[in-house]
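# Architecture and fold: a report
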Amino acid sequence: MSDNTHIVRDATCTFCGCVCDDMHLTVDVAANKITKAENACVLGRAWFKEHGIENRPFALVAGREASTEEAIEEAAQILARARFPVIYGLSDTTCEAQRQAVAIADMIGGNLDTTTSVCHGPSGIAFQGVGESTATLGEIRNRADLLVFWGGNPAESHPRLFTRYAVTAKGMYVPNGRKDRFVALVDVRRTPSAAVADLFLQVKPQRDFEVLWALRALVKGRRVDPAIEKLTGVSLATLEDLAGRMKRCRYGVLFFGMGLTMTRGRHFNSGALLALATDLNEYTHFVAKPVRGHGNVTGADNVVSWQTGFPFGVNLSRGYPRFNPGEFTTADLLGRGEVDAALIVAADPGANFPQRAIDHLRSIPVIVLDPKPTHTSQHARVAITTATYGISVAGTVYRMDDVSVTLRTALPSPYPSDEEVLTRIKARVRELLGGNRLPAARAA
Amino acid sequence: MPETMTLIGGRSSRQGTSLCVGKLAGEYVEVASTVEMNAEDMARLGLKDNDRVRLRSAAGEVIVRCKARAAKELPSGLLFIAYGPLSSRLMASDTAGSGMPISKNIEVQVEPVTE
């Protein structure tokens, strides 16, 4: 380490949806690296350590090095020419950049979708059907005396959810922290998160819905057949015990992960959990919170919702927003081979989507904005290197509980922000189209 | 004879930390191409740590390295793999009108790769 270091206090980690804003960073100015991240978890330490300023091309166009300006021109030409473009990703960038992406989608009459569609998208559908009894993490920290983690492994994916906000944290009405809380974990395998739980329910794969529905029945005082154990792997006595504890607690929380949304049942699973939380409010105070993965995926939901009225899977080709998961969600659009260009911001569908979708992605012109090379950028027509949010870019993000947090920077970057690149793409597309593209029917 | 098992994709600490280094870097590639398997299932299939296995779903097939997990961590018949390019190849593109491909609890045929 050189002597030329400085400390950035109260920086924010944007690795996961916890968005911890109590990071004290030690910056080695000469080496352009963050050498220490006090208060960070293992994931946060890796996030800060590995996002120093790297010597990368500003952009690649058709595989050759290019300036940011050249790449923006090519990107604008692609988007202006496309008949059915999709803009996707957006969960690892600032709200300010997300706004620009929505504006471009509106201007080109394109399709707009975020990584929510392959994360808690089914929960978003369930919210619309069932509703959401919700809370901030601060409220949970200070009040919750019963916590149920369902279909997630926060010990590995959101380590500080346990220590900063929920399990061991001491709060106003739970002054003894862990001792004042009862913790249950529900999963198909015994993950490292089970170590913090008083009760671990090992459910057979694809039986979460049945367990949730049985708990709803028990909470309402209905009879449940003991054969539930054979079906789900969880005994009736265990379910009765948990249902009783849930009804008797002062303030209960159901945290739920992708063990519910990524498996058979999808939004029905999330809906069953949300309905259980609703039922429990007949007896006590109970809330349900999806545990969100990416640093600003919650911001993407918020920005897309306030701009279009819908959280993800939005189509603007008729000049007004339409929401239809399955039709306007990116895995489907690509899997069916419908879109003819893609703008991918801070996401890697080239690694995370089904093969059929990846095959189509490789057959169309793709523009990628990302701080690092990805499977998607490797095959992109235009790959633009952007600065990392929360490290080199300031702005706004939303924590998983919809609380907005302001980012501060630690390392100056030679690369532009996503917001800057998207703003310039938008301006150039506007020049090329002469304003918003008119819907085909009205243009004729 | 291949055996039918249930594959769960998910996150792990190492996947998260190696992701920060880069998805094209060696550690991430290694993490995302290793499947965890019940130790007794591995013994029955004649597998030991780091052996290669073929996973075949209705959507595709991949070859990965295997790693044993005790029965209390991973029940018989269950497999765990960190999300990544290989797990994606086993996902079907149909989302049943939800936008979400099935990424957990994928039925796969498992067999050792001997050649």
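Because the structure is a prediction, the values reported are computed rather than measured.

### Quick word on the pairing of strand β6 (residues 85-89) of chain A
Residue and element names in this part refer to chain A.
- The buried fraction of β6 amounts to five of the five residues, a majority that puts the element mostly inside the structure.
- The alternating pattern of β6 places Pro85, Ile87 and Gly89 on one face and Val86 and Tyr88 on the opposite face, and all of these are buried.
- Note: β6 against strand β15 (residues 341-345), five bridges, orientation parallel. Within the sheet, the bridge partner assigned to Tyr88 lies in β15 and is Ile344.
- Two elements, β6 and strand β7 (residues 111-114), share four bridges in a ladder whose sense is parallel. From the neighbouring strand, Gly89 faces β7, where its bridge partner is Thr114.

### As for the domain arrangement of chain A
Residue and element names in this part refer to chain A.
- Looking at the assigned domains, one finds that chain A contains domain 1 (5-48), domain 2 (55-119 + 295-443) and domain 3 (121-290).
- For domain 1 and domain 3, the distance between their C-alpha centroids amounts to 31 Å.
- Listed by partner, the interface residues are seven residues for domain 1 and six residues for domain 3.
- Of the residues assigned to the side of domain 1 that touches domain 3, the class counts are six nonpolar, one polar and no charged.

### Some remarks on the pairing of strand β4 (residues 61-69) of chain B
All names here are of chain B.
- Where strand β2 (residues 34-38) meets β4, five bridges bridge the pair, whose relative direction is parallel. Note on β4: the bridge partner recorded for Met37 is Ala68.
- When strand β3 (residues 52-56) meets β4, the two strands line up antiparallel, connected through five bridges. Residue pairing for β4: Arg56 is matched across the bridge by Glu61.

### Brief notes about the sheet that holds β2 of chain B
Residue and element names in this part refer to chain B.
- Within the closed barrel, the six strands sit side by side as β1-β5-β2-β4-β3-β6. Their pairing is mixed. Mean inter-strand twist for the sheet, computed between neighbouring axes without regard to direction, equals 45 degrees.
- As paired strands, strand β1 (residues 3-10) and strand β5 (residues 78-82) are joined by five bridges and run parallel to one another. Directly across from Gly9, in β5, lies its bridge partner Ile81.

### Re the interface of chain A and chain B
- Chain A puts 45 residues into the contact, and the matching count from chain B is 39 residues.
- Of all elements in the fold, only α1 (42-49), α4 (121-130), α6 (154-157), α11 (258-261), α14 (330-335), α15 (349-352) and α16 (355-361) of chain A reach the threshold of two or more residues within the side of chain A that touches chain B.
- Examining the composition of the side of chain A that touches chain B, we find that four residues originate from one element, α1 of chain A, more than from any other.
- Grouping the amino acids of the side of chain A that touches chain B by side-chain chemistry returns 17 nonpolar, 18 polar and ten charged.

### Here we look at the packing of α4 of chain A against helix α12 (residues 267-280) of chain A
Residue and element names in this part refer to chain A.
- Across the interface, α4 lies against α12 with an axial gap of 8 Å and an inter-helix angle of 45 degrees. Accordingly, the angle class assigned to the pair α4 and α12 is oblique. Of the two elements, α4 crosses α12, and the hand of that crossing is right-handed. Contact residues: α4 offers Pro122, Ser123, Ile125, Ala126, Gly129 and Val130, while α12 offers His267, Ser270, Gly271, Leu274, Ala275 and Thr278.

### A short note on the nonpolar core
- Membership of the largest hydrophobic core comes to 183 residues, with the highest contact counts inside it found for Leu79, Leu147, Leu254 and Leu273 of chain A.
- With residues near it in sequence (within four places) discarded, Leu79 of chain A still touches Pro85, Ile104, Ile108, Ala341, Leu343, Ile425 and Val429 of chain A.

### Quick look at α12 of chain A
- For α12 of chain A, built from 14 residues, the straight-helix expectation of 20 Å at 1.5 Å per residue is met to within 8% by its first-to-last C-alpha distance of 20 Å.
- Within α12 of chain A, ten of the 14 residues are buried, which leaves the element mostly enclosed by the surrounding structure.

Procedures and definitions
Residues numbered from 1 in each chain as written. Chains lettered and ligands numbered in written order. Predicted model: local features only at pLDDT ≥ 70, side-chain atom pairs only at ≥ 80, totals over all residues. Buried ≥ 20, exposed ≤ 12 C-beta atoms within 10 Å, placed from the backbone. Helix = DSSP H or I, 4+ residues; strand = E, 2+ residues; numbered from the N terminus. Pairing = 2+ DSSP bridges. Domains from an automatic or database assignment. Contact = placed C-beta atoms within 7 Å. Nonpolar A, V, L, I, M, F, W, Y, C, P; charged D, E, K, R; others polar. Axes fitted to C-alpha atoms, helices over the stretch in contact; angles between N-to-C directions. Parallel < 35°, antiparallel > 145°, perpendicular 65-115°, else oblique. Left-handed = near helix turned anticlockwise from the far one by under 90°. Core = buried A, V, L, I, M, F, W, Y, C linked by C-beta atoms within 7 Å. Expected span 1.5 Å × (residues − 1).

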